[in-house]
Amino acid sequence: MSSDFESYEQDFAVLTAEVTGRIGKVPKLVGDEKKQMVANVEKQLEEARELLEQMELEVREIPPQSRGMYSSRMRSYKQEMGKLEADFKRSRIAYSDEVRNELLGDDGNSSENQRAHLLDNTERLERSSRRLEAGYQIAVETEQIGQEMLENLSHDREKIQRARERLRETDANLGKSSRILTGMLRRFSSSELLHLMHCEAHGHICSYKRDF
């Protein structure tokens, strides 16, 4: 397992060395040459990030008693990666003295001010972009929660409707039973009811049959 980590480690060292050299060349270039160099550096930085991810996966597989040394090396590589990305960001808007003089003449102070101003604007745009992404994520999560609530309300409404239908059916059955009992009672005459009550009071068994 550690051999895989060391292999990735060597690849990372070679790659970052190449990136460092190319970053140093970026300010000396203009036009298409600079664009091509920037594209190459971006590609290599992405490869370096992927190597770091592979190295982190390898560290997780290392036994805990041996993991400390590798974790320390990972922290060092991450710091190196952060420095490379910061240097690359500055190099993209920087010019060497020679190129700057060709573009702006000898007004070096003005160029430095413009470069600093441009860097500040770039950083502000990046912060704004991160805030917008965070806001978008919150909006998406809120929409998902709202959708789930609507689905739950829909299910509850269906349950209530089914309960109401069962209640109406029960009421209808009770009403029908009540009408049947009422009709049966109306068929008895008063004398018949008194006769039945008399038999019940004296413990007699009265034979009575009537067709309904």
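Reading the values: rules and limits
Each chain has its residues counted from 1, following the order in which its sequence is written. Where local features are concerned, this predicted model is filtered to residues with pLDDT of at least 70; where side-chain atom pairs are given and counted, the filter is 80 or more; whole-chain, interface and lining totals use all residues. Side-chain metrics rest on all non-hydrogen atoms present in the structure, leaving aside hydrogens and water. Strands are runs of DSSP state E lasting at least 2 residues, helices are runs of H or I lasting at least 4, and numbering of each runs from the N terminus. Relative accessible area decides the class of each residue, using a 1.4 Å probe on protein chains only: under 20% of the type maximum gives buried, over 50% gives exposed, and in between gives partly exposed. Any two residues whose heavy atoms approach within 4.5 Å are treated as being in contact. Here the open area of atoms and residues is found with the Shrake-Rupley method and a 1.4 Å probe, where only the protein chains shown may cover a residue. Between the rings of Phe, Tyr and Trp (Trp by its six-membered ring), a pair exists once the centres lie within 6.5 Å; its type follows the angle of the planes, with under 30 degrees stacked, over 60 edge-to-face, and the other angles tilted. Residue types Ala, Val, Leu, Ile, Met, Phe, Trp, Tyr and Cys, when buried and joined through side-chain atoms within 4.5 Å, form a set referred to as a nonpolar core. Interaxial angle, 0 to 180 degrees, is taken between N-to-C directions of lines fitted to C-alpha atoms, where a helix line uses only the stretch in contact. Here roughly perpendicular refers to angles of 65 to 115 degrees, roughly parallel to angles under 35, roughly antiparallel to angles over 145, and oblique to all remaining angles. The sense of a crossing depends on the near helix, which, turned anticlockwise from the far helix by less than a right angle, makes the crossing left-handed and, turned clockwise, makes it right-handed. Counted as salt bridges are all cases of a side-chain nitrogen of Lys or Arg within 4 Å of a carboxyl oxygen of Asp or Glu. UniProt positions are given in the numbering used here, feature names are shortened, and annotations may be inferred rather than shown by experiment. Patch construction takes residues with relative accessible area above 30% that form no salt bridge. Like charges are linked within 9 Å, and nonpolar side chains (Val, Leu, Ile, Met, Phe, Trp, Tyr) are linked within 5 Å. In summary, the charge assignment counts Lys and Arg as positive and Asp and Glu as negative, without counting His or the chain termini. To locate a charge, the coordinates of NZ of Lys, CZ of Arg, CG of Asp or CD of Glu are taken. pLDDT measures how confident the predictor is about each residue, on a scale from 0 to 100.

Asks: Outline the overall build of the protein, supporting the account with residue identities and numerical values.
Replies: For the protein, the helix and strand inventory stands at six helices and zero strands. Secondary structure of the protein in N-to-C order comes out as α-α-α-α-α-α. For the protein, buried positions account for 18% of its 212 residues. If you take every contact in the protein between residues at least 6 apart in sequence, the share linking residues at least 24 apart comes to 66%. Roughly 16,200 Å² of accessible area belongs to the protein as shown, and the carbon and sulfur atoms make up 52% of that amount.

Asks: Residues and numbers for the packing of aromatic side chains, please.
Replies: Enumeration according to the criterion identifies two aromatic pairs in this entry. With a centroid separation of 5.0 Å and 85° between ring planes, the pair formed by Phe5 and Tyr70 is classed as edge-to-face. Taken together, the residues Phe5 in helix α1 (residues 2-25) and Tyr70 in helix α3 (residues 64-92) connect sequence positions 65 residues apart. In terms of burial, Phe5 and Tyr70 fall into one category: buried.

Asks: So what's going on with the nonpolar core? Residues and values would help.
Replies: Within soluble globular proteins, side chains that are nonpolar generally end up buried alongside one another. The biggest cluster of nonpolar side chains holds 23 residues, and the ones touching the most others in it are Phe12, Leu45, Leu52 and Met55. Of all the elements in the fold, those that place two or more residues in this core are α1, α2 (31-61) and α3. With nine residues, the single largest contributor to this core is α2. Excluding anything up to four places from it in sequence, Leu45 contacts Val19, Met81, Leu84 and Phe88.

Asks: Tell me about the packing of α2 against α3, and please be specific about residues and values.
Replies: Packed helices, taken two at a time, are described by the angle between their axes plus the distance between the axes. Orientation of α2 relative to α3, taken along the N-to-C sense of each, is 165°, at an axis distance of 11 Å. Judged on the interaxial angle alone, α3 and α2 are roughly antiparallel. Considering how the two elements wind past one another, α2 and α3 form a crossing that is left-handed. Every residue of α3 that contacts α2 at Lys34, Val38, Val41, Glu42, Leu45, Ala48, Arg49, Leu52, Met55, Glu56, Val59 and Arg60 is listed here: Arg67, Tyr70, Ser71, Met74, Tyr77, Lys78, Met81, Leu84, Glu85, Phe88, Ser91 and Arg92.

Asks: Account for the pattern of salt bridges, with residues named and values stated.
Replies: One pass over the structure, following the stated rule, counts seven salt bridges. A salt bridge links Arg92 to Glu42; the nearest nitrogen and oxygen atoms lie 3.2 Å apart. One end of the pair, Arg92, is in helix α3; the other, Glu42, is in helix α2, with 50 residues separating them in the sequence. Ionic pairing is found between Arg49 and Glu46, a salt bridge with its closest N-O pair at 3.0 Å. Residue Arg49 and its partner Glu46 are both found in helix α2; the two are separated by three residues, about one turn of the helix.

Asks: Provide a residue-level description of the UniProt feature "coiled-coil region" (unreviewed entry) in the protein, including the pertinent values.
Replies: UniProt's entry tags residues 31-61 with the feature "coiled-coil region" (unreviewed entry), counted in the numbering of this structure. For residues 31-61, helix accounts for 100% and strand for 0%, while the C-alpha atoms at its two ends are 46 Å apart.

Asks: Lay out a positive patch on the surface with the relevant residues and their values.
Replies: Taken together, the side chains of Arg124, Arg127, Arg130 and Arg131 present a region of like positive charge at the surface. Among the secondary structure elements, Arg127 is positioned in helix α5 (residues 108-187).

Asks: For the side chain of Ser91, give the residues involved together with the corresponding values.
Replies: Looking at the element boundaries, Ser91 is found in helix α3. In this structure Ser91 touches Ile23, Val26, Pro27 and Lys34, once residues within four positions along its chain are discounted.

Asks: Talk me through the confidence of the model for the protein; I want residue IDs and the actual numbers.
Replies: For the protein, the mean per-residue pLDDT works out to 78, and 69% of the residues sit at or above 70. When mean pLDDT is taken per element in the protein, α2 scores highest with 93 and helix α4 (residues 97-104) scores lowest with 54.

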